[in-house]
Amino acid sequence: MMTPDIGRSRNGTTFLTVRFCVMMLLQFLVFGAWFQTLGLVMSTFGMANAIGLAYSSASIGAFVAPLLVGSLADRWFRSERLLATTHLVCAALMIALRNSVLAGSEGWTLTLVFIYMAFYMPTMGIANSIVFRHMGEGNSNFPYVRVFGTIGYVVAGVVVGQGGLSASPSVFLVSASISVVMAVYSLTLPPTAPTGTESKFSLSDLVGAGAFTLFRHHNFRVFAACVLLAGIPLALYTAYASAYIDALGVKNVATVMALGPFSEIIFVVTIPWLLRKVGMKWSLMIGMLSWTIRLPLMALAAGTGLIPLIIAIAMQGVCNDFLLVLGAMYVSSLCPPEISAQGQSLFTMLYNGLGALIGSLFGNVVFNSVVAPNLGARGTGAWIPLWIIGACAAGIAVVLWALGHRGQPVPETSSSSSAVPATNRD
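Residues numbered from 1 in each chain as written. Predicted model: local features only at pLDDT ≥ 70, side-chain atom pairs only at ≥ 80, totals over all residues. Heavy atoms only, no water.

Per an unreviewed UniProt entry, the protein is named MFS transporter, and its organism is Actinomyces ruminis. As stated in UniProt under Subcellular location (unreviewed entry), the record for the protein gives "Cell membrane". (UniProt positions renumbered as here; feature names shortened; annotations may be inferred.)

This is the structure:
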């Protein structure tokens, strides 16, 4: 594999790339510090029956806000300032969430998770768009910047786990502290002015409707449907993996789960090579297919020990890198500059928002009606239906992508020509 030329950017400086790497590191440190063990914290404080609802409210927040905030970044506000503002709000919300959990207020906990996600999730799209704007849509370099986000997630899991905080509300204070650092750091990023200021304003701009022009492309419509389906197993794993792993008798849950994002570090650097070998369509297919293998392995761990569990956790690199990172690159190849932030926000909304919402709501029903009532009689075996259902959703996505994607090159736009080689944008 060729050595990545990650030092080049439009400004021709390594320093700019380093700054974006630090941005991604902090961006995911904020999230990884609390979200991956939220279910365990809630279970510890007597809110186990509301875990699915918490992740559902998180998904609703991720669904309702990204396009609006993306539109603000594209039309009215400098992206780095918007990033700083949202992270300051996130810090305050984390403190409030800790107090809510300690008070045992289930209603306030769910509400605060929703509000937090409404502010945090748009920052993921904004961070991506800042990188694409300043690195010249050079998508072959993006994975090497994005990998530092994964490193941040790994570091967060290790710190939380080794610090004995996996089930503690103190994780919210850790996240709040990092959010403040991220807010300050965001103001040091290169100025990223809005690009849509010259276009005529309409009320549709308030909801980021410009991103919906992507649905004119058949392949994007198929992509969107597959992303929704792939969001279901993602939601089930995110919401229930920590509680399930704890039920299997694993100690230091956060540390063990950190193996997942650690594997992302390994797989993300293979993306440029994979694109050259098999193209965008089949690379994304690998990501979808991996979920159909990962969740059955989770189910298998209930009866055969921890080896299938370790393999399932380690598959996170394939599951996430070949959907989240490649998905962002695929969307970027379609987006003209004036809707760059909105396009990334739409992808976030579909995967982490609507798809995760469907998965969380369905998971809550399955957990409360199938898993929880049978825990006494079947033990960890009661979890098996939850994982199999998620695998089936991913399987449908695989079939739809294989049969529905037409294989023609992505239609050229003002920003797509330099994004990915044409042979790989199918």
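Which residues make up the overall build of the protein, and what are the values?
Regarding its fold elements, the protein presents 16 helices and 0 strands. Out of the 426 residues belonging to the protein, those deemed buried represent 60%. Here the analysis covers contacts within the protein between residues at least 6 apart in sequence; of these, 85% occur between residues at least 24 apart. Summing over all exposed atoms, the protein offers an accessible surface of approximately 15200 Å²; the carbon and sulfur share of this is 69%. (Helix = DSSP H or I, 4+ residues; strand = E, 2+ residues; numbered from the N terminus. Buried < 20%, exposed > 50% of the residue type's maximum accessible area, 1.4 Å probe, protein only. Contact = heavy atoms within 4.5 Å. Areas by Shrake-Rupley, 256 points an atom, 1.4 Å probe, with all protein chains shown as cover.)

Please provide a residue-by-residue account of helix H9 (residues 218-247), values included.
A rise of 1.5 Å per residue sets the reference length of H9, with its 30 residues, at 44 Å; its end C-alpha atoms lie 44 Å apart and thus fit the reference within 8%. Of all bends in H9, the biggest is about 50°, found at Tyr-240. Burial analysis of H9 places 25 of its 30 residues in the buried class, which makes it a mostly covered element. Of the residues one or two after H9, Gly-249 is the one with positive phi, at around 90°. (Expected span 1.5 Å × (residues − 1). Bend = angle between axes of the 7 residues up to and from the residue.)

Help me get a handle on empty space enclosed by the protein, residues and values and all.
Counting across every chain of the model gives 3 cavities of 30 Å³ or more. By volume, the largest cavity is sized at about 460 Å³. Lining the largest cavity are 29 residues, and of these Phe-31, Phe-35, Tyr-153, Leu-234 and Thr-238 sit closest to its centre. Within this model, the second largest cavity holds a volume of roughly 140 Å³. (1 Å grid on protein atoms, 1.4 Å probe; cavity = no way out; pocket = protein on both sides within 12 Å on 5 of 7 lines; lining within 4 Å. Points joined across faces, edges and corners; volume = space filled by probe spheres on them.)

Any details on the side chain of Ser-263? Residues and values, ideally.
Counting through the fold element by element, Ser-263 comes out in helix H11 (residues 259-268). You can call Ser-263 buried: its relative accessible area is 5%. From its side chain, Ser-263 meets the backbone oxygen of Ala-314 in a polar contact 2.8 Å long. Not counting chain neighbours up to four residues away, the residues in contact with Ser-263 comprise Ile-313, Ala-314, Met-315, Gln-316, Gly-317 and Asp-321. (Polar contact = N/O pair within 3.5 Å; in protein donor to acceptor, adjacent residues only side chain to side chain.)

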